[in-house]
Amino acid sequence: MTSAKVAVVVVTHNRAVLLREAIDAILAQSFHDVVVVDNCSTDETPELLAAYDDPRLHVVRADHNGGGAGGFHIGCGIAADLDVDWVVPVSYTHLRAHE
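Being a predicted model, the structure only gives us computed values, none of them experimental.

Caption draft 1: How the structure looks around helix H1 (residues 16–27). Helix length check: H1, at 12 residues, gives a terminal C-alpha distance of 16 Å against a target of 16 Å (1.5 Å per residue), a fit within 8%. All of the buried residues along H1 are Ala16, Leu18, Leu19, Ala22, Ile23, Ile26 and Leu27. Axial view of H1: buried residues confined to an arc of 155°, hence all on one face. Those residues of H1 hidden inside the fold are in contact with strand E1 (6–12), strand E2 (33–38) and helix H2 (45–51).

Caption draft 2: Structural context of unusual backbone geometry. Despite not being glycine, asparagine 14 shows a phi value in the positive range, around 55°. With respect to the helices, strands and loops of the structure, asparagine 14 is situated in the loop between E1 and H1. Its identity as a non-glycine residue notwithstanding, cysteine 40 has a phi of 60°, on the positive side. Tracing the chain through its elements places cysteine 40 in the loop between E2 and H2.

Caption draft 3: Main features of helix H3 (residues 67–80). With 14 residues, H3 should reach 20 Å at 1.5 Å per residue; the first-to-last C-alpha distance of 20 Å fits that figure. All of the buried residues in H3 are Gly71, Gly75 and Ala79. Taken end-on, H3 shows its buried residues confined to a sector of 70°, consistent with a single buried face. Seen from the open side of H3, the exposed residues pointing more than 90 degrees away from its buried face are Ala69, His73 and Ala80.

Caption draft 4: Main features of the sheet that holds strand E4 (residues 86–90). Taken together, 4 strands build an open sheet; the order of strands is E3-E2-E1-E4 and the sheet is parallel. Among the strands making up the open sheet, the edge pair consists of strand E3 (57–61) and E4. Sheet twist, expressed as the average angle between the axes of neighbouring strands with direction ignored, equals 20°. Inspection of the sheet shows E2 paired to E3 by 5 bridges, in the parallel sense. From the neighbouring strand, aspartate 38 faces E3, where its bridge partner is arginine 61. The sheet strands contacting H3 are E1, E2, E3 and E4, and the helix crosses E1 at an angle near 150°.

Calculation rules
- Residues numbered from 1 in each chain as written.
- Predicted model: local features only at pLDDT ≥ 70, side-chain atom pairs only at ≥ 80, totals over all residues.
- Heavy atoms only, no water.
- Helix = DSSP H or I, 4+ residues; strand = E, 2+ residues; numbered from the N terminus.
- Expected span 1.5 Å × (residues − 1).
- Buried < 20%, exposed > 50% of the residue type's maximum accessible area, 1.4 Å probe, protein only.
- Arc of directions from axis to C-beta.
- Contact = heavy atoms within 4.5 Å.
- Pairing = 2+ DSSP bridges.
- Axes fitted to C-alpha atoms, helices over the stretch in contact; angles between N-to-C directions.

This is how it looks when you write it as structure tokens:
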């Protein structure tokens, strides 16, 4: 029996510090793909994402900030085109308690 291939979708806006923690935790696991949608961040998020060198990571910068729902719509659409069995939208809102 083979394991299911799972893609994780993360949406972010101006949360570079939390995003680094979230991506590192996700990439440390056995997910097949990670799709990150940057909702037009104005902080160091684009540079942070560009620094990753992992073929599982797919980054897209939205052309406008469509909020969480808009970002997940974009990300799940991208993930649906990948060779995966499951797409899981992940919220890292719980990490905001550490801000």
